[in-house]
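A closer look at the structure
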Amino acid sequence: MRVGIVGQKDNERAAATVAAIAGHLDDLGVDLAVDEVTTEQAGRDWPADAPPLSAVATPVDAMSETDLVVSVGGDGTFLFAARGAESTPIVGINLGEVGFLNAVPPDEAVAAVEREVAEYRERGAVTTRDMPRLRASGEGWELPPALNEVVVQGPRRGHGGGASVTVSVDGSVYTNGHADGVLVATPTGSTAYNLSERGPLVHPDVSGFVVNEMSGDESMPPLVIGTEATVTVEVENADGGFVVSDGRVREPVETPATVTVERADQPVRIAGPPLDFFAALSKLG
């Protein structure tokens, strides 16, 4: 079995937790693949009897070649790991404040990962639950799948920076007018950017996406749609714009532009114990 580990950048606690997990996995005879960024900061805590960091350093994009990925950090680290993991199961160790994606507390990290290894060796797989992702595309481009949200916006937020947008769902116009942008969120992403834009919270068990207009002049309320629906956003009357996946990867577009947002073929597969959604919500205040 080969396990990949991705730690939060510039976080000493994450580096120490990564080293502890790696040392225990090595004792269990598990092959290691540690994200290259993580290896740069884990040296001080790295077990002397474990393989050298140089021997296990792995680009995050290659985490899909492992059997399990362990994310150590906050939700941002999980999103970063998920892009490289593709369909490989991920278990999240929570070092953040809220942690909607990471269900394992740091003091249970080693034991939780050991349980996943034992299950894999017994069954040839680990138990997972799927979380849908969104795919954004346009003329000649496609962004990496988003676990939280896709944002289609004008050149900048605020006065004078928006655009004229027309939002259609399965070919029927839902809203049009001037807005800073349009956000399409998964249930996972409903607690992130969508919430700051006054969108609804969506329980993880609900099969739906949120369409949320951002600071529209005459905006419609946020809309929850089925996960098989296709959202089309037409952007006009602006000096360019951007499409952003999970707040990290952006694609500049020239207007007029048409952006399609729909369910990605490949979900994120989450391993480990289930998250207590309502306990995580209580930390938002």
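First, a word on scope: everything that follows refers to the structure included in this document. Along each chain, residues carry numbers from 1 onward, in the same order as the chain's sequence is written. At least 70 in pLDDT is required for a residue's local features to be given in this predicted model, at least 80 for side-chain atom pairs to be given and counted, and no such filter applies to totals for whole chains, interfaces and linings, which use all residues. Side-chain measures were taken over the full set of non-hydrogen atoms in the model, leaving aside hydrogen atoms and water.

1. Some details on the sheet that holds strand β15 (residues 231-236)
Strand order in the open sheet formed by six strands is β8-β7-β18-β15-β10-β11, and the pairing between neighbours is antiparallel. Edge positions in the open sheet fall to β8 (141-142) and β11 (172-179), since each of these has one partner strand only. A strand pair is defined by DSSP finding two or more bridges across the two strands. Strands here are runs of E lasting at least two residues and helices are runs of H or I lasting at least four, both read from the DSSP assignment and numbered beginning at the N terminus. As paired elements, strand β10 (residues 163-169) and β11 share seven bridges and run antiparallel to each other. Bridging from a neighbouring strand, Ser 164 pairs with His 178 of β11.

2. Section: the sheet that holds strand β17 (residues 249-253)
Across the sheet, six strands lie side by side as β14-β13-β12-β9-β16-β17; this open sheet has antiparallel pairing. Edge positions in the sheet fall to β14 (223-225) and β17, since each of these pairs with one other strand and no more. Looking at each pair of strands side by side, their axes are set apart by 15 degrees on average, direction ignored. Axis definition: a line fit to C-alpha positions, over the contact stretch in the case of helices; interaxial angles, taken between N-to-C directions, run 0 to 180 degrees.

3. Overview of the nonpolar core
Across soluble globular proteins, nonpolar side chains show a tendency to be buried alongside one another. Residues grouped as a nonpolar core are buried Ala, Val, Leu, Ile, Met, Phe, Trp, Tyr and Cys residues, joined through side-chain atoms within 4.5 Å. Accessible area is worked out with a 1.4 Å probe on protein chains only. A residue is then buried under 20% of its type maximum, exposed over 50%, and partly exposed in between. In this structure, Val 3, Ile 5, Ile 21, Leu 25, Trp 46, Val 70 and Val 72 are the most contacted members of the largest nonpolar core, which totals 29 residues. Secondary-structure elements contributing two or more residues to this core are β1 (2-7), α1 (12-27), β2 (31-35), α3 (53-56), β4 (68-73), β5 (90-94) and α5 (109-123). Looking at which element gives the most residues to this core, the answer is α1, with six residues. If you look at the next biggest cluster of nonpolar residues, it comprises 28 residues, including Ala 146, Val 167, Ala 257 and Val 259.

4. Let's talk about unusual backbone geometry
For the peptide bond that leads from Thr 255 to Pro 256, omega is 0 degrees, which places it in the cis range. Here Pro 256 is to be found in the loop between β17 and β18 (257-263). In this structure, Asp 10 takes a positive phi of about 55 degrees despite not being glycine. Secondary-structure assignment places Asp 10 in the loop between β1 and α1. Judged by its relative accessible area of 66%, Asp 10 falls in the exposed class. The backbone of Asp 170 shows a phi angle near 50 degrees, a positive value even though the residue is not glycine. For Asp 170, a relative accessible area of 52% translates into the label exposed.

5. Some words on the packing of aromatic side chains
Within 6.5 Å between ring centres, the rings of Phe, Tyr and Trp (the latter by its six-membered ring) count as paired, and their orientation is classed by plane angle as stacked under 30 degrees, edge-to-face over 60, tilted in between. For the coordinates displayed, the defined rule picks out two aromatic pairs. Ring centres of Phe 100 and Phe 277 lie 6.0 Å apart, and the angle between their planes is 55 degrees; this geometry places the pair in the tilted category. On the criterion of sequence distance, the pair formed by Phe 100 in the loop between β5 and α5 and Phe 277 in helix α7 (residues 277-281) is long-range, its members being 177 residues apart. Ring centres of Phe 277 and Phe 278 lie 5.4 Å apart, and the angle between their planes is 75 degrees; on these two criteria the pair is classed as edge-to-face. Here Phe 277 falls in the buried class, since its relative accessible area comes to 9%. Put simply, the rings of Phe 100, Phe 277 and Phe 278 pair up and form one aromatic cluster.

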